[in-house]
Amino acid sequence: TFPQLRKWLGDDEFTEAALAHIERVPPHSWTLGHYGEGLDATLSSLYPDDGEVAELAWLEWQLSVAFAGPDAGTPDAASLAATDWDNARLRFVPTLRSGIALTNAGAIWSALAADREPPAAEPLPEPATMIVWRNEFSPSFRTVDDREWNAIERMLAGDTFGALCQDFVARLGPEDGVEAAGTMLGPWLRDGMMIAAIE
């Protein structure tokens, strides 16, 4: 469940961390597949000065959960072309999860997964949000800034895409506001985060 975390810590330290988690968290499910839940909290106490360790554990666990999560369809081109975007409410895949990102754990994970030399751990310039979801059969993730995460939260709460665009226009002006909203919508569609746009 945690192959990249194991690479980052090394076999011995990973084993010690796993033993500490076993001592801390008794089995609580019918399957050992759930045993890794909460490893990030264990690692936060073991590595209080190395925030990337717990964030790597959280990311790998959420990728595992997303892989086993419920299936979801994707919007077809015809329905999107006919959508009244001013009144559309966006539905996201049920596997979408989020967590606070304070370090470059995402970049570390990506390098380790590609068998590249990972960057040194460092804090992000400002806190961000890590989102995880499943795109068809592939667990996916990326780090988003506050503006995009706030936009996603609004869509999850049932706000319309048109209302989001109006707020962007009010803050950024007509051209930049519409461009900012479209820049978010494109990856949501392309990367399989959205199920549908419902009017």
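Check the entry above for the structure.
Each value, and the rule that gives it
Residues numbered from 1 in each chain as written. Predicted model: local features only at pLDDT ≥ 70, side-chain atom pairs only at ≥ 80, totals over all residues. Heavy atoms only, no water. 1 Å grid on protein atoms, 1.4 Å probe; cavity = no way out; pocket = protein on both sides within 12 Å on 5 of 7 lines; lining within 4 Å. Points joined across faces, edges and corners; volume = space filled by probe spheres on them. Helix = DSSP H or I, 4+ residues; strand = E, 2+ residues; numbered from the N terminus. Nonpolar A, V, L, I, M, F, W, Y, C, P; charged D, E, K, R; others polar. Core = buried A, V, L, I, M, F, W, Y, C linked by side-chain atoms within 4.5 Å. Buried < 20%, exposed > 50% of the residue type's maximum accessible area, 1.4 Å probe, protein only. Contact = heavy atoms within 4.5 Å. Pairing = 2+ DSSP bridges. Axes fitted to C-alpha atoms, helices over the stretch in contact; angles between N-to-C directions.

Please provide a residue-by-residue account of the layout of surface pockets, values included.
Taken as a whole, the largest pocket spans an internal volume of roughly 200 Å³. At the level of secondary structure, the elements contributing two or more residues to the lining of the largest pocket comprise helix H2 (11-24) and helix H3 (39-46). No other element matches H2, which puts five residues into the lining of the largest pocket. Here the residues of the lining of the largest pocket are counted per class, giving 11 nonpolar, four polar and no charged.

So what's going on with the nonpolar core? Which residues, and what values?
Inside soluble globular proteins, nonpolar side chains tend to come together where they are buried. Leu90, Phe92 and Trp188 are the most contacted members of the largest nonpolar core, which totals 26 residues. Elements supplying a minimum of two residues to this core: strand E1 (89-92), strand E3 (123-135), helix H7 (146-156), helix H8 (161-172), helix H9 (174-190) and strand E5 (194-198). The residues touching Trp188, leaving out its near neighbours within four places in the chain, are Leu90, Phe92, Arg142, Glu148, Ala151, Ile152, Met155, Met193 and Met194. Core analysis: the next-biggest nonpolar cluster, separate from the first, contains 25 residues, Phe14, Ala17, Ala66 and Phe141 among them.

Can you explain the sheet that holds E3? Please cite residues and give values.
The strands making up a sheet associate through hydrogen bonds between their backbones, and the pairing can be parallel or antiparallel. If you trace the three strands from one edge of the open sheet to the other, you get E2-E3-E4, paired in antiparallel fashion. Looking at strand neighbours, the two that pair on one side only are strand E2 (97-103) and strand E4 (138-144), the edges of this open sheet. Pairs of neighbouring strands in the sheet enclose a mean axial angle of 25°, with direction left out of account. Where E2 meets E3, six bridges bridge the pair, whose relative direction is antiparallel. If you follow Thr103 over to E3, its bridge partner there is Pro123. Sitting on the sheet, helix H4 (residues 51-67) touches E2, E3 and E4, and the angle it makes with E3 is about 15°.

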